[in-house]
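# Close look at the chain arrangement
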Amino acid sequence: MRHPEFPLSAELIYLNHAAVAPWPKRTSTAVSKFAQQNTLYGSSCYLDWLQKETQLRVQLQTLLNAPDATDIALVKNTSEALSFVAYGLDWHSGDNIVSSNEEFPSNRIVWQSLSELGVEFREADLAQAATPEDALFALVDKQTRLITISSIQFASGLRLDIDRIGQFCQQNNILFCIDAIQSLGAVQFDVQKCQADFVMADGHKWMLGPEGLGVFYTSPASREKLKLTQYGWHMMDNTHNYENKPWSIHPTAQRFECGSPNTLGIHALSASLSLLLETGMETVEKQVLANARYLMAAIKSRPYLQLLTDETAKLQSGIVVFKHKQLSKEALYAHLQKNHVVCAMRGEGIRFSAHFYNSTQELDKAMLLIPD
Ligand SMILES: Cc1ncc(COP(=O)(O)O)c(C=O)c1O
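Just so you know, these numbers come straight off a predicted model, no measurement behind them.

## Structural notes on the pairing of strand 13 (residues 349-353)
Of all 5 residues making up strand 13, 5 are buried, and the element is well covered by its neighbours. Relative to strand 13, strand 10 (residues 319-324) runs antiparallel, the two sharing 4 bridges. Bridge pairing links Ile-319 to Ser-353 in strand 13. Bridge count between strand 12 (residues 344-346) and strand 13: 3 bridges; the pairing is antiparallel. Residue pairing across strands places Ala-344 opposite Arg-351, the latter belonging to strand 13.

This is the structure in structure tokens:
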């Protein structure tokens, strides 16, 4: 039985939410309505669109538990927000940034590009200490300005203790940046508890939205530390006063939105988030983790499979990675694709990422399709 919001094509088993998710039915409806409105009325309903934008900021504020909706900027994607931070901070030659050697390229190459300014990017081997957090802390010294980390690692499912890292950063006067794309919409997130300065995520994974619209959280104090790298009418205070001369920078996170908003994406993402928030993130997280546990148990029960995700870790995520002892990951991936199991090839193996709405019947079916 399919969840009524996910009437996916009958042959598909969709276990790829850590890559690109399918849209809920309500999101398709919202986009169709928006398209129809544009066709019939153009932008006559622009005030309604602005209201939708405000609603989305509040939804994202709720998802992050941000103190205020004005701390939320709507950006193109995670990479853009990471670039805002990397090129916004005032670096000095000799500064260093601590991260891990498991990061998605978006949270690596932008920092490496700062080597031209004499800034060093340090990659901790997260497996080489008592805890992954200790591996990060071991690389920190007096010149460390920032720790940047994915809250959940894309290729292993490793979930870091971001509250502990945030506390360490606070105590040592280090800025804290989180790529939260594998957390937001899957597990509960509390930006106040983890004391992050900067958090970013795109909407097309666990948040069930379209590509091309993401969230960028900054605390008011951290925001002031970022020099702006993009300019346009929309990031001025008094945005709609086009005779605004001289102008000043918008006091809120809107300063990172230089031009016209992605109104189509806003309608879509807002509809997707309404499903998650109606369901409740506590329930969503419970189901996501239950599905991951179910998959891990099924993988472990097959002698010809090897579970690569650490099932003993204190914190768990929605990502499960495994490999076949006889088949290459390429061969197994091709086989699963042929059998309509939508998943990904990541790290050493195959990544399954089930969302809250996937049923155990679907998970059983996917497991049965793996040859021994
Ligand atoms: C950890 C992580 N960060 C970032 C991204 C994608 O970045 P962007 O939103 O810029 O496309 C991915 C996509 O797989 C990811 O897994």
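## Some points on the packing of aromatic side chains
For the structure shown, the criterion picks out 12 aromatic pairs. Pairing Phe-84 with Phe-216 gives two aromatic rings, centres 6.0 Å apart and planes at 25 degrees, and the pair type is stacked. You can see Phe-84 sitting in helix 3 (residues 78-86) and its partner Phe-216 sitting in strand 8 (residues 214-218), a full 132 residues away along the chain. The pair Phe-84 / Phe-216 is uniform in exposure class, with both members buried.

## Overview of unusual backbone geometry
For the bond from Lys-245 to Pro-246, the omega torsion is -5 degrees, close enough to zero to count as cis. Topologically, Pro-246 is positioned in the loop between helix 8 (220-223) and helix 9 (263-279). Positive phi, close to 55 degrees, is recorded for Asn-173, a residue that is not glycine. Looking at the secondary structure, you find Asn-173 in the loop between helix 6 (162-172) and strand 6 (175-179). For Asn-173, a relative accessible area of 71% translates into the label exposed.

## Considerations on the UniProt feature "domain: Aminotransferase class V" (unreviewed entry) in the protein chain
UniProt feature "domain: Aminotransferase class V" (unreviewed entry): in the numbering of this structure it lies at residues 13-363. The annotated region residues 13-363 carries 36% helix and 16% strand content, and the separation between its end C-alpha atoms amounts to 8 Å.

## A look at the side chain of Arg-351
Mapped onto the elements, Arg-351 comes out in strand 13. Salt bridges are absent for the buried Arg-351, whose nearest opposite-charge side chain, Asp-179, sits at 11 Å. A polar side-chain atom of Arg-351 sits 3.3 Å from the main-chain carbonyl oxygen of Ala-18. Within polar-contact distance, the side chain of Arg-351 engages the backbone oxygen of Phe-154 at 2.9 Å. When sequence neighbours within four positions are dropped, the list of residues in contact with Arg-351 reads Leu-15, Asn-16, Ala-18, Ala-19, Phe-154, Gln-182, Ile-319, Val-320, Val-321, Cys-343, Ala-344 and Arg-346.

## Digging into the domain arrangement of the protein chain
Segmenting the protein chain into domains produces domain 1 (13-24 + 281-368) and domain 2 (32-278). In this complex, domain 1 contributes 29 residues to the contact, which on the side of domain 2 involves 25 residues. Taken as a group, Met-281, Glu-285 and Leu-315 account for 25% of the area that domain 1 buries against domain 2, more than any other trio of residues on that side. Along the contact surface separating domain 1 from domain 2 lie 1 salt bridge. Of the charged contacts, one joins Asp-161 and Lys-314 as a salt bridge, the two residues approaching to 3.3 Å between their closest N and O atoms. Elements with a contribution of two residues or more to the side of domain 1 that touches domain 2: helix 10 (281-300), strand 10 and strand 13.

## Some words on the packing of helix 1 (residues 25-41) against helix 9
Following both chains from N to C, one finds helix 1 and helix 9 inclined at 150 degrees, their axes separated by 8 Å at the closest point. Between helix 1 and helix 9, the angle falls in the class roughly antiparallel. You can see that helix 1 and helix 9 cross each other, and the crossing is right-handed. On the side of helix 1, the interface is formed by Arg-26, Thr-27, Ala-30, Val-31 and Phe-34, while helix 9 contributes Thr-263, Leu-264, His-267, Ala-268, Ala-271, Ser-272, Ser-274, Leu-275 and Glu-278. Tallied by class, the residues present in the contact of helix 1 with helix 9 amount to 7 nonpolar, 5 polar and 2 charged.

Parameters and conventions
- Residues numbered from 1 in each chain as written.
- Predicted model: local features only at pLDDT ≥ 70, side-chain atom pairs only at ≥ 80, totals over all residues.
- Heavy atoms only, no water.
- Buried < 20%, exposed > 50% of the residue type's maximum accessible area, 1.4 Å probe, protein only.
- Helix = DSSP H or I, 4+ residues; strand = E, 2+ residues; numbered from the N terminus.
- Pairing = 2+ DSSP bridges.
- Phe/Tyr/Trp six-rings, centres within 6.5 Å; stacked < 30°, edge-to-face > 60°.
- UniProt positions renumbered as here; feature names shortened; annotations may be inferred.
- Lys, Arg positive; Asp, Glu negative; His and termini not counted.
- Salt bridge = Lys/Arg side-chain N within 4 Å of Asp/Glu carboxyl O.
- Polar contact = N/O pair within 3.5 Å; in protein donor to acceptor, adjacent residues only side chain to side chain.
- Contact = heavy atoms within 4.5 Å.
- Domains from an automatic or database assignment.
- Buried area = accessible area lost by both parts, 1.4 Å probe.
- Axes fitted to C-alpha atoms, helices over the stretch in contact; angles between N-to-C directions.
- Parallel < 35°, antiparallel > 145°, perpendicular 65-115°, else oblique.
- Left-handed = near helix turned anticlockwise from the far one by under 90°.
- Nonpolar A, V, L, I, M, F, W, Y, C, P; charged D, E, K, R; others polar.

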